[in-house]
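Take a look at the letters that make up each chain.
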Amino acid sequence: MLYVGIDLGTSAVKLLLMDSEGKIVNIVSKEYPLYFPHPGWSEQNPQDWYEQTMNGIGELLEDVDKSQVAGISFGGQMHGLVILDKEDEVIRPAILWNDGRTVEETDYLNNVIGKEKLSEYTANIAFAGFTAPKILWVKNKEPENFARIAKIMLPKDYIAYRLTGVHCTDVSDASGMLLFDVKNRNWSKEMCDICGIDVHMLARCYESYQSVGTLLPHVAAKLGLSESVKVAAGAGDNGRRCGGNRHGGRQSVQYFLGHQRNDLYFFQEIWGGSAQRASFVRPCGRKLSFDGMYAQCCQL
């Protein structure tokens, strides 16, 4: 059997085809535009993601037996805000992880709501790149768009929706929105109230390995695939990177050091521990300085 991996990056979508033994059969990359309409802003058109993903899958599968394709899953950029109306149409360009417009909203969350409350609700504090400050920005600066919101999604999950018709996300990506109760593994009603949204606007949350559905008939027909191809929830890029860095016989901890939109990271390996398969990645954050430097640790 064959499996398709989709990595929805900031500059391109990277696609990989592998067999059931883990052998890489093909790799394709498709670029799309990145827009900076104002200083500090960073946006993309979700339709560009979808079109290039579909084009990439078509190219990826050109020389293989498509009847052997059994599954598709995702990784991708985290924290981005995609908002849909009641017709599931995109309301405005996606606000990306590296967008810095939410300084006021981030200050409000950290200093008015308070970091202790945020940590209690989500096991994190607010940063400009997170999704919740972006929702507040739309509420404060684009009230006409905020009033139209029916669904709130993350970038890779928008592609899953376009392929399956299912509004979905996974626990790793959800944990980076500042809307997810990490301890209880569900959406935080308190954070939804703070942001002025209904919990039903948020997608159903799956474990990364779970199937969210199968291909829509028109998608399957366009790609030449069976409608029975399963689509799994996948994971955000940071969580997936931690899992990908895991090696047999090692117990690993990965740390991320970042300043606002630019992340540096280093990887520390601890030898001698038994490698236990984890069903999730546990994120935690700690601010290191007053000017926005922070650390993130993902422990498997």
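Residues numbered from 1 in each chain as written. Predicted model: local features only at pLDDT ≥ 70, side-chain atom pairs only at ≥ 80, totals over all residues. Heavy atoms only, no water.

### Considering the environment of Ala12
Within the secondary structure, Ala12 is located in strand S2 (residues 12–19). Taking the C-alpha atoms as reference points, Ala12 and Thr53, separated by 41 residues in sequence, lie 9.3 Å from one another. With residues up to four places along the chain from it excluded, the contact list for Ala12 reads Asp7, Ser29, Lys30, Glu31 and Tyr32. (Helix = DSSP H or I, 4+ residues; strand = E, 2+ residues; numbered from the N terminus. Contact = heavy atoms within 4.5 Å.)

### Considerations on the sheet that holds strand S14 (residues 230–232)
The mixed open sheet is built from six strands, whose spatial order is S3-S2-S1-S5-S14-S13. The open sheet has two edge strands, strand S3 (24–31) and strand S13 (211–214), and neither has a second partner. Sheet twist, expressed as the average angle between the axes of neighbouring strands with direction ignored, equals 20°. Pairing between strand S1 (residues 2–8) and S2: seven bridges, direction antiparallel. Residue pairing across strands places Tyr3 opposite Met18, the latter belonging to S2. Relative to the sheet, helix H1 (residues 46–60) contacts S1, S2 and S3, its axis offset from that of S3 by approximately 150°. (Pairing = 2+ DSSP bridges. Axes fitted to C-alpha atoms, helices over the stretch in contact; angles between N-to-C directions.)

### Side note on the state of the cysteines
Put plainly, a disulfide is one covalent bond tying together the sulfur atoms of two cysteines. Applying the stated criterion across every chain yields a total of zero disulfides. We note that Cys168 lacks a disulfide partner, and the nearest cysteine sulfur, in Cys205, lies 9.5 Å from it. Its relative accessible area of 25% is what places Cys205 among the partly exposed residues. (Disulfide = S-S within 2.5 Å. Buried < 20%, exposed > 50% of the residue type's maximum accessible area, 1.4 Å probe, protein only.)

### Topic: the nonpolar core
Formed by 39 residues in total, the largest nonpolar core has its most connected members in Ile6, Trp49, Ile72, Leu163 and Leu215. Residue assignment for this core shows that the elements contributing at least two residues are S1, S2, H1, strand S5 (69–76), strand S6 (82–84), helix H5 (155–164) and helix H8 (217–223). Apart from the residues lying within four places of it in its own chain, the contact partners of Trp49 are Leu8, Tyr32, Gln44, Gln77, Val82, Ala94, Leu96, Pro155, Tyr158 and Ile159. Listed in part, the 36 residues of the second largest apolar core include Ala126, Leu154, Trp187 and Leu202. (Core = buried A, V, L, I, M, F, W, Y, C linked by side-chain atoms within 4.5 Å.)

### Details of the packing of aromatic side chains
Counted under the stated rule, the structure contains four aromatic pairs. Seen in terms of ring centroids, Phe127 and Phe130 are 5.4 Å apart; in terms of plane orientation they differ by 85°. Their pairing is edge-to-face. Accessibility classification places Phe127 together with Phe130 in one group, the buried group. With centroids separated by 6.2 Å and ring planes inclined at 45°, the aromatic side chains of Tyr158 and Tyr161 adopt a geometry described as tilted. On the criterion of helical spacing, the pair formed by Tyr158 and Tyr161 is a turn pair, its members being three residues apart in helix H5. Taken as a pair, Tyr158 and Tyr161 share a single burial class, namely buried. A cation sits over an aromatic face here: Arg101 above Trp41, 3.6 Å from the ring centre. Arg101 extends its terminal NZ or CZ atom over the ring of Trp137, reaching a point 4.6 Å from the ring centre. (Phe/Tyr/Trp six-rings, centres within 6.5 Å; stacked < 30°, edge-to-face > 60°. Lys NZ or Arg CZ within 6 Å of the ring centre and 35° of its normal.)

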